[in-house]
Every structure is written in C-alpha cells, then in structure tokens.
Amino acid sequence: METERKTQVVLAVLTMGFAALAINFVRVPARAGVEKRAPLILPGSLAIVPGTIRVSAAQLVASGGDASGLQCYACHDAKKPPEIRYDANHRVVLPKEHLDLIYGMRNCSECHTPDEGVKIEYNADGVVIIPDAHRNLAHMAHGRYLRNEDCFNCHVSTQLDHLHTPEGLVVGLDQATQLCAGCHGTQYRDWESGAHGRRNGYWKSSAGPTVRQECTSCHDPHAPAFTPLIPMPAPHSLHDPRRNPS
Amino acid sequence: MTRRSFLRTSTVLATGAAAIAAGLAPLRKIGHYSSVEEFLQKQYKELSPAEMKVVLTRIEGEVERQYGIRPHVRDYKPMSGVQFVYALNLSRCVGCRKCVHACVAENNQSRNPEIQYIRVVKLPNDGSFDLESGDVNYTPKSVPEAGFFYMPIQCHQCHNPPCVTVCPVKATWQEADGITVIDYNWCIGCRYCEAACPYFARRFNFATPSIPKEQINPKMSYLGNRPRYKGVMEKCHFCIQRTREGRYPACVEVCPTGSRKFGNILDPDSEVSYILKNKRVFVLKEELGTHPRFFYYFDI
C-alpha cells in the first residue's frame, strides 16, 4: 500500500511537471529572427546592360541612330585622300576629330537604365563628353606589335567610307566583319559557328531571331584588345560584417 | 468515477493535448502555407492540367499579395528533340560578374539575404588548378588581373545527378531536356541535395527571401524563377522561362566577352555542337561520374 501511494505521488508530480513544461513550450512565441537588414547589392548594378561596351557602325546604322560621324566626306575632300601623319617614333597620329565619333552621337539610355544614374555631360559646343569607361580610340593600337596601324590597310584611300580586305573585297563601314575575316580567319571561323563572340536572342532560330554580334561590337577596330571591365560586386556571405554592422 | 481517477484521466488527457500542440508548434513558423489548398497540393508530376491552372492562379495571387505586383506564372514544358548543353570558354572569361547579377535579376533571387546561383572563382594561372586556393571575393578596380583566370561555377545539370538520388521526397528531378528542377511546394528543406552536390550549386533559403517590388521579374515559371519560400532549396535551372521559349539564358545574353555558350546538343549546327567537336573541353570533377551537361573549354 505504502509503495503504491508513493509511486502514484511520484507519477503525478512527474506528469504535472511535464504538462507544465509542455504548456510553457507551446506558449513561448516563435523566436523572432534577427531583422538587421542592410542593402546588399548596390542599387543600379542590377540592370541587365548589354554586356558589350561598344557600339559598332553596323548597330548604329541598323538602329537608325545618328550615323553622321560615318560620313567621311562631311570633312574630307573627295578628290584628295587625307595624308597620314606620323610622330617622331613613326607612330600614326590620330587627329582628335576622330576620337570615337560613334559614341558622341549615341543615345546613352539605350544601354544604361535611369536608376544607374549615369550622368551625361556636354562640352561648350553641346557635344556629349565621352566618359573614360567608353574611350577606346585614344590612339591607333592594332595588335600587340602594332603591325596594323596604317589607316589604308582597312579604309579605301579614295573611297573613305568603305573598307577593303587584303583580297580586294570592298565593303561598307557597317560590314566590318568581312574585313576582319580577311586577316583573322581562325577567329572568323569560330565566330561563324558561334564559338567566338556572342549570339543574342534565340538559340532556336524557328522561335525568333538570333543576333550575331559583329566583331566591332566588342573590338574597337583601331585598338582591338579587349578593354578591362569594372567587376560587379562580390557576393556577401551570411556572416559578412557588411551585413551585420555592430 | 472517483475523484482520483478523474484527476488522473484529465491530467493524462491534458498532457497528451499539450504534447500534440507542442509537436505541431513548428508548423506555425512555416510561413508559406498560406492556405489549405497549398498545404494539400499534389506533387508537380501528379497535377492534372486543370489542377495546374488552379495552382498557377493561386501562386499569382500569393506573389501579388507579398510583392504588390501581379506576375504571369506559367508552366513551361520541355521541347521534344532538345537536350540542353552549356559551354564556357575559360580563356575568354574576365571575371566581371555580369552573369551573376543578370541571373539574380532574371530569376528573382533573394537580395537579402543574398542568394546567387553563379560563383566566379579566381584562380592563379600557374597550372595548379586547385579550386581550394580560389577566391570568390576579389574586388580589384578592373578585371582581368594579370596572372589569374576566372572560373564561373553554377549547376552543371548532371546526367547522373546525386542531388536527385538523395532527395527523400522526390521534390527534385531531371526533365526530358536535361534540366534538373525543384518543386518549391514539395521541397521539405532537408538540404540533403545541397550536401550531395559536388559543385556547391544548390542554395537554401534560411530566411524569407526579400526582393524590392520594382526589381521583380513578372515573367515567371512554376519550376523556375517564381519567388521561393523560406525553407526550400533553389538553384540554376538554365532560365527555364527563357530557354524553353527558345531564348538564351540571361547569363549568355550579358556576357561581354562571349565566353558563355548555350544550345541544343542534338542540333549539329548549334554552337555547343561545334565546340564539343572542335575545342578542348573538360568537365569539372569528372572522376565522380556525374556526367555534367556543363562543359569548360579553352581556345586553340
């Protein structure tokens, strides 16, 4: 009798203890997460810009943009081919009139979205000042050993707004790819099959147009080495001090 | 009934009820069961077209309530005669991370906490090829940096995916066009797949994802870029909502160097077919036998 009572008392105490614990467990509210929120991605870096920083003559013409920079005979005399000048080191001198005619005429908003906050600045004549990020054509620099500096390797001296290949094919300024193909067969072959350069739009051509980027959409013909890019922000780990500043 | 037996019975009953309530308590913390319909929803592959329609409309409503923007959620099906393959040119990539951020924007990845499908690893160009010595946090003024090359890594859409094998509830599987997908409504968040993936391609939503309203991409797919819930896995799905319409994925669209190549390997004229035939390609961790659909290659 004695032991039975003891057992029952112990059991009852235990049961009540567990019940109290269980009730307490239910009543404790779900712990609120630490809500310290800092912006993790720079505003503006989200816009999908068409990764290529350059506008080619072909793109400019195709988009119906202002291509007056390509009208060579607005400044030059049709009867007299311009004379190429050289500096003391026998490097071709590029006249300042030729600094990136293509960008100056370009609508910046075609690539930049408003929230990126790209400022458009104008000089005294109301001409857009080209930001450093876009300035490629500061000097002639075709190839590591500068072996292709002569303007008339590519431009036709008597027909300035046309290009000619080593085989003598003459094409318009907006068909530069044919020109490049004449000297860079390997890259051209890869480009034709999609391995070099970039295709945009549709991989399935029956579903929509596949756009092949021309050589000059990425390479400045006058300084074709790829320009260095500003990297976008690095990932932020969960325990990053930037996220939880103490 | 004696007083004692009454007390005993009621204590036992109360304890039982309290224990059940305690056991169910974690359910209250699962924010994403917004409705009974959602709780009772079938697995993706068991949904009839009519049921799917109801589910898609319900999800559109959920997204609208949460983000204040009415999306268009569709269920894109694989195309017949299509096997997707991805190729990435390591001799061209400059490590600019445009792909990473284009992917975030296209696929409605959480901005805070941050989720990104693509990791770009900077590796010393000394022939060692040791992923452990890689750096993902590089922040120089401009890229590329001399003496390094860059290796972006994302889901490799393996033919033989370990992540699918380990899933205890069949919430992730491989589709006919080769994309391994996740049913975010079926995933229980056990993270086995994350542990099984040798490429560190899967991401877990530890917290409720947050995306500013004006940055939501309203073109969504069920298995792809619709907003995820807290407690589920996600990963690269080759931009299902783009590629199953015939378009290139977002990362291919923005790559300034043209290092990223995507297409149908069953089409002999596609760029990926040309690359696999003519370039020196390799896959990451070949010895594991995962047979990735994601190839790396070098020029020449």
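Residues numbered from 1 in each chain as written. Chains lettered and ligands numbered in written order. Predicted model: local features only at pLDDT ≥ 70, side-chain atom pairs only at ≥ 80, totals over all residues. Heavy atoms only, no water.

## Some remarks on the confidence of the model for chain B
Residues and elements named next belong to chain B. Overall, the predicted model of chain B reaches an average pLDDT of 91, with 96% of residues at or above 70. Taking the mean pLDDT of every element in chain B, the minimum, 77, falls on helix 2 (residues 36–39) and the maximum, 97, on strand 2 (residues 84–89). Here the complex is predicted with pTM 0.85, and the ipTM for its interfaces comes to 0.82. (pLDDT = per-residue confidence, 0-100. Helix = DSSP H or I, 4+ residues; strand = E, 2+ residues; numbered from the N terminus.)

## Topic: the interface of chain B and chain A
Taken together, the contact pairs 62 residues of chain B with 48 residues of chain A. Buried surface at the junction of chain B and chain A, summed over both partners, amounts to about 4700 Å²; 59% is from carbon and sulfur atoms. Across the chain B-chain A interface, the total number found is 2 salt bridges. The interface formed by chain B and chain A holds 21 residue pairs in polar contact (both at pLDDT 80 or more) in total. Only helix 1 (3–29), helix 4 (98–106), helix 8 (250–254), strand 10 (260–264) and helix 9 (271–278) of chain B provide two or more residues apiece to the side of chain B that touches chain A. Here the element with the most residues in the side of chain B that touches chain A is helix 1 of chain B; it accounts for 10 residues. Tallied by class, residues from the side of chain B that touches chain A come to 27 nonpolar, 17 polar and 18 charged. (Contact = heavy atoms within 4.5 Å. Buried area = accessible area lost by both parts, 1.4 Å probe. Salt bridge = Lys/Arg side-chain N within 4 Å of Asp/Glu carboxyl O. Polar contact = N/O pair within 3.5 Å; in protein donor to acceptor, adjacent residues only side chain to side chain. Nonpolar A, V, L, I, M, F, W, Y, C, P; charged D, E, K, R; others polar.)

## What to know about a nonpolar patch on the surface
Together, V10, L11, L14, F18 and L21 of chain A make up an exposed nonpolar region whose accessible area comes to about 510 Å². Take L11 of chain A: it is sitting in helix 1 (residues 2–27). (Patch = residues over 30% accessible without salt bridge, like charges linked within 9 Å, V, L, I, M, F, W, Y side chains within 5 Å. Areas by Shrake-Rupley, 256 points an atom, 1.4 Å probe, with all protein chains shown as cover.)

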